[in-house]
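Report on the structure
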Amino acid sequence: MLDIAFIRENKDLILKVIKEKNIQVDLERILFLDKKRRELIQKIDSLRHEQNIKEAEKNIEGARRIKEEIKDKKKELMALEKEYKNLMLLVPNVYSQDTPVGKDEKENKEIDRWGEIPQFSFKAKDHIQLGRDLDLIDFETGAMTSGFRGYYLKRELVLVQFALIWHALLKLYQKGYLLMVPPVILKEFALIGSGHFPFGKEDIYQIANPGRLADGEEIKEPLYLAGTAEPSVLAYFYNKILREEELPIKIGAVSPCFRSEVGSYGKDTKGLYRLHEFWKVEQVIICEHSIEKSNEYLEELRENACEILRELKLPHRVVQICTGDMGPGKYKMYDIETWMPSRNNFGETHSDSNLTDWQARRLNIKYKTKTGKKYFAFTLNNTMLASPRILIAILENYQQKDGSVLIPEVLQKYLPFKEIKR
């Protein structure tokens, strides 16, 4: 959410951002509602002043009429405020000056690349075939049990997944990040606050039977399954005023994630790339109200993720996301993509974003300076590790001619084996 005063003063800029990010929102309607809202608030304040005068003069009938008028104006304001707030949730964040302007992912800009693309002396298999041959993944039974995109991970691959998660968590802990296992069942405010609602609501699972309270009464408030730890981590700071000296707050959170993937119909339908449920270690930073500092933390988050990929010796690249491909709340954004031989291309494994104060305004996360001034905080996030997508890269890049798969050296200390074979 943007400051309405900023929107009023920068109308042309916001219209440009709306166009470049391809967001559907009526800015003229927002500005009209804002003007009417301020006029109504001013009118209500004026009527209250008149009411106080009438009461002081013992003019009971006059005070009563004004009271009724105030009541009517409040109803009008309430209806107007509802529409105004809903529309304000649709206003996108501005983007950084160095963000590429483009319509879609084809216009994203590669800014870095690491590692040599593997050259196999044999016919390489994809992770689906490797999973079947080594009895590590069962898609057929997964689909029968769970439906489309269902899967079972089996045998050594289970240990590899949790070795990856453990390695990612341990690395963040050693870097001074506060570790969390946050809830994955969320109230609506958390998803509105993070910006996953109203955008992307179709990709969030709603719980059909949210259960009962302690006294047996049915829970009527809608509940949802989180698609990432980011909303629940940010909601931890909802309505809080932090101290400036507490910042930055750096968090590493691990959780299962659930996504309906409605918006990805027909895309990546085979294998482990796009799933309804998976595990993820997420990085979140809450920092001071500073573009310069927040961009430094954006680079830190990016480096944390790239460091893991270098340790895994997986070729990867970093692309800066263009306006038409970035989310509404993003100020600046990178994707980190890892080489996947079966795609003969890089596949996204990490998403690194600076959202400035766009989320903090929605969640009312502020901090107080030593001089007593209050500011909205800035928020950032990036994947540290998402599995089983990262397993695609490991299985395919580390496959051997005899059909076995070597374990990346950095993970071997956590596992009782150095390769997976039949």
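Scroll up a little and you will see the structure.
Residues numbered from 1 in each chain as written. Predicted model: local features only at pLDDT ≥ 70, side-chain atom pairs only at ≥ 80, totals over all residues. Heavy atoms only, no water.

**Side note on the sheet that holds strand β14 (residues 366-368)**
In space, the three strands of this open sheet follow the order β8-β14-β15, with mixed pairing throughout. In this open sheet, the two edge strands, each paired with only one partner strand, are β8 (241-243) and β15 (374-376). Along the sheet, successive strands turn relative to each other by an average axial angle of 35 degrees, direction set aside. Inspection of the sheet shows β14 paired to β15 by three bridges, in the antiparallel sense. Bridge pairing in β15 places Lys 368 opposite Lys 374. (Pairing = 2+ DSSP bridges. Helix = DSSP H or I, 4+ residues; strand = E, 2+ residues; numbered from the N terminus. Axes fitted to C-alpha atoms, helices over the stretch in contact; angles between N-to-C directions.)

**Points about the nonpolar core**
By size, the foremost hydrophobic cluster in this structure holds 57 residues, and its most contacted members are Val 160 and Leu 164. The set of elements that each furnish at least two residues to this core consists of α5 (127-133), α7 (156-174), β9 (249-258), β10 (277-287), α10 (291-311), β12 (332-340), β16 (378-387) and α12 (389-397). In terms of residue count, α7 provides more of this core than any other element does, eight residues in total. By size, the runner-up hydrophobic cluster in this structure holds 33 residues, among which are Ile 4, Leu 31, Ile 44 and Leu 87. (Core = buried A, V, L, I, M, F, W, Y, C linked by side-chain atoms within 4.5 Å. Buried < 20%, exposed > 50% of the residue type's maximum accessible area, 1.4 Å probe, protein only.)

**Details of the packing of aromatic side chains**
As enumerated under the stated definition, the model contains seven aromatic pairs in all. Look at Trp 339 and Phe 346: their rings are 5.1 Å apart centre to centre, the planes differ by 75 degrees, and that puts the pair in the edge-to-face class. Since its relative accessible area comes to 9%, Trp 339 is described here as buried. A relative accessible area of 8% means that Phe 346 is categorised as buried. For the cation-ring pair, Arg 302 lies above Tyr 334, with the distance from its terminal atom to the ring centre recorded as 4.9 Å. (Phe/Tyr/Trp six-rings, centres within 6.5 Å; stacked < 30°, edge-to-face > 60°. Lys NZ or Arg CZ within 6 Å of the ring centre and 35° of its normal.)

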